[in-house]
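# Per-entry structural report
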Amino acid sequence: MRCLNESIARQTNAEDKCTGRFWEGRFKSQALLDEKALAACMAYVDLNPIRANMAKTPEDSDHTSIQQRIRAAILGEQPKELLPLVGGERLNMPKGLPFQLEHYLELVDWSGRHLDPRKRGAIAENTPPILDRLGISPIHWLYLNRNFESRFKGLVGSAEAVRSACNQLNKRWVHGINDCRRYLSAKPC
């Protein structure tokens, strides 16, 4: 890895017309050998904006995978540019990360509340849990994780988001609007 990093650093230095160890010292690699290491690294990177006091919550952390996952989850999707979270190990395991989204969100939220007090930022103690902030009941979240494909066929999101999409698509009716209202809307519409 050192040899690979060195050539990348030299190429970057040449492109930027600079010399020295700045780039050469920045490229480091760690081998993530199991799910625990992967989860720790993912959470660490996703909490960087909070640690730097650039964001107060994971959903406000620009340029992080957790923000992309949260935005996609609100729409009932997986982000296309990220490896999907596929849950725990099982036979015929699909390609993806072996976590459930709910567990990963809770892990990052919990970790963000327990950051080193000597650092600039952390998720404030009085901040509500992440599912509350997203306006999703934990019972509904669990139900959605088990029955998502059977409950939703087309448009998925809060009732307001579905209505807005229907207006843009000139649709008067959409299958599953009641389930969207029940499970994904912060307030019943």
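Below: a short report on this structure. (Residues numbered from 1 in each chain as written. Predicted model: local features only at pLDDT ≥ 70, side-chain atom pairs only at ≥ 80, totals over all residues. Heavy atoms only, no water.)

### Here we look at the environment of E160
Operational definition: For the purposes of this entry, the term helix denotes a DSSP run of H or I that reaches at least four residues, the term strand denotes a run of E that reaches at least two, and both are numbered from the N terminus. Using a 1.4 Å probe on the protein chains alone, a residue whose accessible area is under 20% of its type maximum counts as buried, one over 50% counts as exposed, and one in between counts as partly exposed.
Among the structural elements, E160 can be located in helix α9 (residues 159–168). For E160, a relative accessible area of 57% gives the class exposed. For the pair E160 and I177, spaced 17 residues apart in the sequence, the C-alpha separation amounts to 9.7 Å.

### Focus on the packing of α9 against helix α10 (residues 177–184)
Defined as follows: Note on geometry: axes are C-alpha line fits, over the in-contact stretch for helices, and angles between N-to-C directions span 0 to 180 degrees. Any two residues whose heavy atoms approach within 4.5 Å are treated as being in contact. In this count, Pro and Cys sit with the nonpolar residues alongside Ala, Val, Leu, Ile, Met, Phe, Trp and Tyr, while Asp, Glu, Lys and Arg are called charged and the others, Gly among them, polar.
Put simply, α9 and α10 touch, their axes get as near as 8 Å, and they point 145° apart. When α9 is examined against α10, the residues A159, V162 and R163 are found in contact with a partner set consisting of I177, C180 and R181. Across the contact of α9 with α10, the residue classes tally to four nonpolar, no polar and two charged.

### Some details on the side chain of T64
Its place among the elements puts T64 in the loop between α4 (48–51) and α5 (65–74). Using a relative accessible area of 6% as the deciding quantity, one classes T64 as buried. Apart from the residues within four sequence positions on either side, T64 is in contact with V45, D46, P49 and P58.

### Points about α10
Three- or four-residue spacings in an α-helix give side chains the same orientation, since the helix completes a turn every 3.6 residues. Here is the rule: The directions from the helix axis to the C-beta atoms form the arc being described.
Residues I177, D179, C180, Y183 and L184 constitute the buried set of α10. Buried residues of α10 fall within an arc of 155° about the axis and therefore sit on the same side.

### Focus: the packing of aromatic side chains
What counts, and what does not: Aromatic pairing here means that ring centres of Phe, Tyr or Trp (its six-membered ring) are within 6.5 Å. Orientation follows from the plane angle: under 30 degrees is stacked, over 60 is edge-to-face, and everything else is tilted. Note on criteria: charge over ring means Lys NZ or Arg CZ within 6 Å of the ring centre, with the direction from the centre no more than 35 degrees off the ring normal.
A complete count under the given rule lists one aromatic pair for this structure. Here the aromatic rings of F99 and Y104 are separated by 6.4 Å at their centres, their planes lie at 20°, and the arrangement is stacked. Here the basic side chain of R51 rests over the ring of Y44, its NZ or CZ set 4.1 Å away from the ring centre.

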